[in-house]
Amino acid sequence: MYKFTTINENETQRLAKQIGEKLMPNDVLTLDGDLGAGKTTFTKGLAEGLAVKRTVNSPTFTIVKEYKGRMPLYHMDVYRLEDSEEDIGFDDYFNAEGVTVIEWSQFILEFLPEERLQINIEKIDEERREIILTPHSDHLNELCKELKL
């Protein structure tokens, strides 16, 4: 487990950008935290690290948004799937040669792959966040070791 405390949105995005620069095809990241914790802000940094040019925003009403960068970014917000057992083809995304980021992943635990980077964001105050990274693969563990704030 790796813990980082960021002091503002820019620092949160900078940490996420470092992660995005090191991601490989089929990497899956789960992103959990309370409403307003900064999940979408973090995803914007990941997208920058993946060289995505489009503006990233939450896919709340579409569940999945796809972005083109050095590899595809599949951004999911599965909040609306709480108490649902519907599989919207998650494996198709997890195995599609891109990176998948899932906000509110606790609602689809049974569909998640074992190998993933679990990210929890906790709001300390209006600006500061504690970001806890729990890698579930050797590759993602090595990625986390290289991160610096």
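The structure displayed is predicted, hence computed values, not measured ones.

Caption draft 1: Structural view of the sheet that holds strand β2 (residues 28-32). Spatial ordering of the open sheet is given by β1-β7-β6-β2-β5-β4-β3, a layout of seven strands whose pairing is mixed. With partners counted over all chains shown, the strands left at the sheet margins are β1 (2-6) and β3 (64-67), one partner each. Averaged over all pairs of adjacent strands, the angle between strand axes in this sheet comes to 20°, irrespective of strand direction. As defined by bridge partners, β1 adjoins strand β7 (residues 129-135) across five bridges and the pair is classed as antiparallel. The partner of Thr-5 across the bridge, within β7, is Glu-130.

Caption draft 2: Structural detail: the pairing of strand β4 (residues 73-77). Among the five residues that make up β4, five are buried, leaving the element largely enclosed by the rest of the structure. Neither face of β4 is exposed, since Leu-73, His-75 and Asp-77 on one face and Tyr-74 and Met-76 on the opposite face are all buried. Looking at chain direction, β3 and β4 are connected through four bridges and run antiparallel. Residue pairing in the sheet places Glu-66 in a bridge with Tyr-74 of β4. Between β3 and β4, which follow one another and run antiparallel, lie five residues. As judged from the five bridges shared by β4 and strand β5 (residues 99-103), these two strands associate in the parallel manner. Bridging across to β5, Met-76 finds its partner in Ile-102.

Caption draft 3: Quick peek at the packing of helix α1 (residues 9-22) against helix α2 (residues 39-49). Orientation of α1 relative to α2, taken along the N-to-C sense of each, is 45°, at an axis distance of 6 Å. With respect to each other, α1 and α2 are oriented oblique. α2 is crossed by α1, and the crossing has right-handed handedness. Across the interface between the two elements, Glu-9, Thr-12, Gln-13, Leu-15, Ala-16, Lys-17, Ile-19, Gly-20 and Glu-21 of α1 pack against Thr-41, Phe-42, Lys-44, Gly-45, Leu-46, Glu-48 and Gly-49 of α2.

Caption draft 4: Representation of the side chain of Thr-41 in the model. Within the element layout of this structure, Thr-41 appears in helix α2. Among the residues examined, Thr-41 registers a relative accessible area of 15% and is labelled buried. Those residues in contact with Thr-41 that lie beyond four places of it in its chain are Glu-9, Thr-12 and Gln-13.

Caption draft 5: Here's a closer look at the nonpolar core. Ranked by internal contacts, the top residues of the largest apolar core, which has 29 residues, are Ile-19, Leu-23, Leu-29, Phe-42, Ile-119 and Leu-133. Only β1, α1, β2, α2, β5, β6 (117-123), β7 and α4 (138-145) provide two or more residues apiece to this core. Beyond its immediate stretch of four places on either side in the chain, Leu-133 contacts Met-1, Tyr-2, Phe-4, Ile-19, Leu-117, Gln-118, Ile-119, Cys-144 and Leu-147. Of all hydrophobic cores here, the second largest spans 15 residues; its members include Val-64, Phe-94, Trp-104 and Ile-108.

Caption draft 6: Spatial organisation of the packing of aromatic side chains. For the structure on display, the rule yields four aromatic pairs. Judged by centre distance (5.2 Å) and plane angle (35°), the ring pair of Phe-90 and Phe-111 falls under tilted. In this pair, Phe-90 is assigned in helix α3 (residues 90-94) and Phe-111 in the loop between β5 and β6, connecting sequence segments 21 residues apart. For Phe-90, a relative accessible area of 1% corresponds to the buried category. The class for Phe-111 is buried, based on a relative accessible area of 19%.

Parameters and conventions
Residues numbered from 1 in each chain as written. Predicted model: local features only at pLDDT ≥ 70, side-chain atom pairs only at ≥ 80, totals over all residues. Heavy atoms only, no water. Pairing = 2+ DSSP bridges. Helix = DSSP H or I, 4+ residues; strand = E, 2+ residues; numbered from the N terminus. Axes fitted to C-alpha atoms, helices over the stretch in contact; angles between N-to-C directions. Buried < 20%, exposed > 50% of the residue type's maximum accessible area, 1.4 Å probe, protein only. Parallel < 35°, antiparallel > 145°, perpendicular 65-115°, else oblique. Left-handed = near helix turned anticlockwise from the far one by under 90°. Contact = heavy atoms within 4.5 Å. Core = buried A, V, L, I, M, F, W, Y, C linked by side-chain atoms within 4.5 Å. Phe/Tyr/Trp six-rings, centres within 6.5 Å; stacked < 30°, edge-to-face > 60°.

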